[in-house]
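# Reading the structure
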Amino acid sequence: MPAEASRDQAARAARADAGAARGAPASPLTERQEARRRRILSASAQLAGRGGFDAVQMREVAESSQVALGTLYRYFPSKIHLLVATMQDQLEHMHGTLRKKPPAGETAAERVAETLMRAFRGLQREPQLAEAMVRALTFADRSVSPEVDQVSRQTTAIILDAMGLADPTPAQLSAVRVIEHTWHSALITWLSGRASIAEVKVDIETVCQLIDLTVPTDTAH
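Residues numbered from 1 in each chain as written. Predicted model: local features only at pLDDT ≥ 70, side-chain atom pairs only at ≥ 80, totals over all residues. Heavy atoms only, no water.

## So, the overall build of the protein chain
Defined as follows: Numbering of helices and strands starts at the N terminus; helices are DSSP runs of H or I of at least 4 residues and strands are runs of E of at least 2. Working definition: with a 1.4 Å probe on protein chains only, accessible area under 20% of the residue-type maximum means buried, over 50% means exposed, and in between means partly exposed. The contact criterion used is simple: two residues touch if any of their non-hydrogen atoms lie within 4.5 Å.
From N to C terminus, the protein chain includes 11 helices and zero strands. Secondary structure elements of the protein chain, listed N to C terminal, follow the sequence α-α-α-α-α-α-α-α-α-α-α. Each of the 221 residues in the protein chain was classed as buried or not, and the buried ones make up 39%. Taking the contacts inside the protein chain whose residues are at least 6 apart along the sequence as the reference set, 73% of them involve residues at least 24 apart.

## Some details on helix H10 (residues 197-208)
In an α-helix, one turn spans 3.6 residues; hence positions three or four apart end up facing the same way. Short version of the rule: What a helix should span is 1.5 Å times the count of its residues minus one. The directions considered for the arc run from the helix axis to the C-beta atoms.
Under the 1.5 Å per step criterion, the end-to-end length of H10 is 16 Å for 12 residues, consistent within 8% with the ideal 16 Å. Where H10 is concerned, the buried positions are Val 200, Ile 204, Val 207 and Cys 208. One side of H10 carries all its buried residues, which in axial view fall inside an arc of 100 degrees. Among the structural elements, helix H6 (108-124), helix H9 (170-191) and helix H11 (210-213) are those in contact with the buried residues of H10.

## Overview of unusual backbone geometry
Unusually for a residue other than glycine, Gln 66 sits at a positive phi of about 60 degrees. One can find Gln 66 in the loop between helix H3 (58-65) and helix H4 (69-75). Taking the relative accessible area as the measure of exposure, Gln 66 reaches 67% and is therefore exposed.

## Things to note about H9
With 22 residues, H9 ought to run about 32 Å at 1.5 Å a step, and its terminal C-alpha atoms sit 32 Å apart, in line with that. Of all the residues in H9, the buried ones are Gln 172, Ala 175, Val 176, Ile 179, Glu 180, Trp 183, Ala 186, Leu 187, Thr 189 and Trp 190. Elements that come into contact with the buried residues of H9 comprise helix H5 (79-100), H6, helix H7 (127-139), helix H8 (145-163), H10 and H11. With its phi angle positive at about 80 degrees, Gly 193 sits one or two positions after the end of H9.

## Things to note about the packing of aromatic side chains
So the rule is basically this: Each Phe, Tyr or Trp ring (for Trp, its six-membered ring) is paired with any other whose centre lies within 6.5 Å, and the angle between the two planes then decides the class: stacked below 30 degrees, edge-to-face above 60, tilted in between.
What the rule picks out here adds up to two aromatic pairs. Taking the centre distance of 5.8 Å and the plane angle of 90 degrees together, the rings of Phe 53 and Phe 139 count as edge-to-face. Taken as a pair, Phe 53 in the loop between helix H2 (31-51) and H3 and Phe 139 in helix H7 lie far apart in primary sequence, 86 residues in all. A residue is classified by how much of its surface remains accessible, and Phe 53, at 9% relative accessible area, is buried.

## A few points about the pattern of salt bridges
Here is the rule we go by: One side-chain nitrogen of Lys or Arg within 4 Å of one carboxyl oxygen of Asp or Glu is enough to make a salt bridge.
According to the stated counting rule, one finds five salt bridges in the structure shown. The residue Arg 99 makes a salt bridge to Asp 161 at a minimum N-O spacing of 3.0 Å. Here Arg 99 is found in helix H5, whereas its partner Asp 161 is found in helix H8, with 62 residues between them in sequence.

## A word on the packing of H5 against H8
Convention followed: Here the axes come from fitting lines to C-alpha atoms, over the contacting stretch only for helices, and the angles between their N-to-C directions go from 0 to 180 degrees. Geometric relationships in this document are graded by angle, where less than 35 degrees denotes roughly parallel, more than 145 denotes roughly antiparallel, 65 to 115 denotes roughly perpendicular, and other angles denote oblique. The hand of a helix crossing depends on one turn: near helix anticlockwise from the far one by less than a right angle means left-handed, and clockwise means right-handed. When residue character is reported, Ala, Val, Leu, Ile, Met, Phe, Trp, Tyr, Cys and Pro are called nonpolar, Asp, Glu, Lys and Arg charged, and the others, Gly included, polar.
It is the contact of H5 with H8, at a shortest axis distance of 8 Å, that shows an interaxial angle of 15 degrees. Taken together, H5 and H8 sit at an angle that is classed as roughly parallel. Crossing of H5 over H8 shows left-handed handedness. Contact residues: His 81, Val 84, Ala 85, Met 87, Gln 88, Leu 91, Glu 92, His 95, Leu 98 and Arg 99 in H5; Glu 147, Val 148, Gln 150, Val 151, Gln 154, Thr 155, Ala 157, Ile 158 and Asp 161 in H8. Among the residues forming the contact of H5 with H8, the class breakdown is nine nonpolar, six polar and four charged.

## Looking at the environment of Val 84
With respect to the helices and strands, Val 84 occurs in helix H5. Val 84 gets classed as buried once you look at its relative accessible area, which sits at 0%. Spatially, the C-alpha atoms of Val 84 and Val 134 are 7.9 Å apart, while their sequence positions differ by 50 residues. Excluding residues that lie within four positions of it along the chain, Val 84 makes contacts with Ala 136, Leu 137, Ala 140, Val 144, Glu 147, Val 148 and Val 151.

## A short note on the nonpolar core
Rule in force here: Residues grouped as a nonpolar core are buried Ala, Val, Leu, Ile, Met, Phe, Trp, Tyr and Cys residues, joined through side-chain atoms within 4.5 Å.
Counting residues in each nonpolar core, the largest one holds 59 residues, and the members touching the most others are Val 112, Trp 183 and Cys 208. Val 112 has contacts with Ile 159, Ala 162, Met 163, Ile 179, Cys 208 and Ile 211, leaving out every residue within four places of it along the chain.

## Examining the confidence of the model for the protein chain
Do not read the predicted coordinates in detail wherever pLDDT is low. Heads up, the condition is: Within a predicted model, pLDDT stands for the predictor's per-residue confidence, ranging from 0 to 100.
The predicted model of the protein chain averages 87 in pLDDT, with 85% of residues at 70 or higher. Low pLDDT, under 50, characterises residues 1-26; the predicted model gives this stretch 18 contacts beyond four residues in sequence or across chains.

Following this line, the structure appears as structure tokens:
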């Protein structure tokens, strides 16, 4: 019984630490914690890039990132948490790259389509990593909501940047959500071999036309 109580106490502490480690506003990461988190995410991406979803084992991630296994679980309670966070990190890196070389399309729809296809091609270069991250996102349950929300916010930020919007209307945000859903679905169908890159491009360009329908009437001309 004492051993079980100790395990329960440790589990409660791990859950509390995990919330802080994932960057809750009340407990920002220290420089050392952030460096540790970066190593974990880097190890996760490298393992997934070499062998896909099944290659990401928590013990191997811990060894590769030089952290104790218990410490890894305090940051990421499961492999799904870790891989969804890895996707957010990859999107953040893509966002930085896209900002350095903004899309050149004349309309917002063209710029968003170009941006999402550039992001798609970035994932295409590492298909096993893309498969692992998308698979984790698909498997994620409510316990992974904070990480899934971060992925969604990062994707939204990428699209809004391409649109050139800082204060979108509700209609524009609705269009962005539909574009996000289509982009995610396109990734899944491509990864499963059910869609070609050309088909993905057409789908992305088609859904981005929704943006034109959300331009406020007084600014449409």
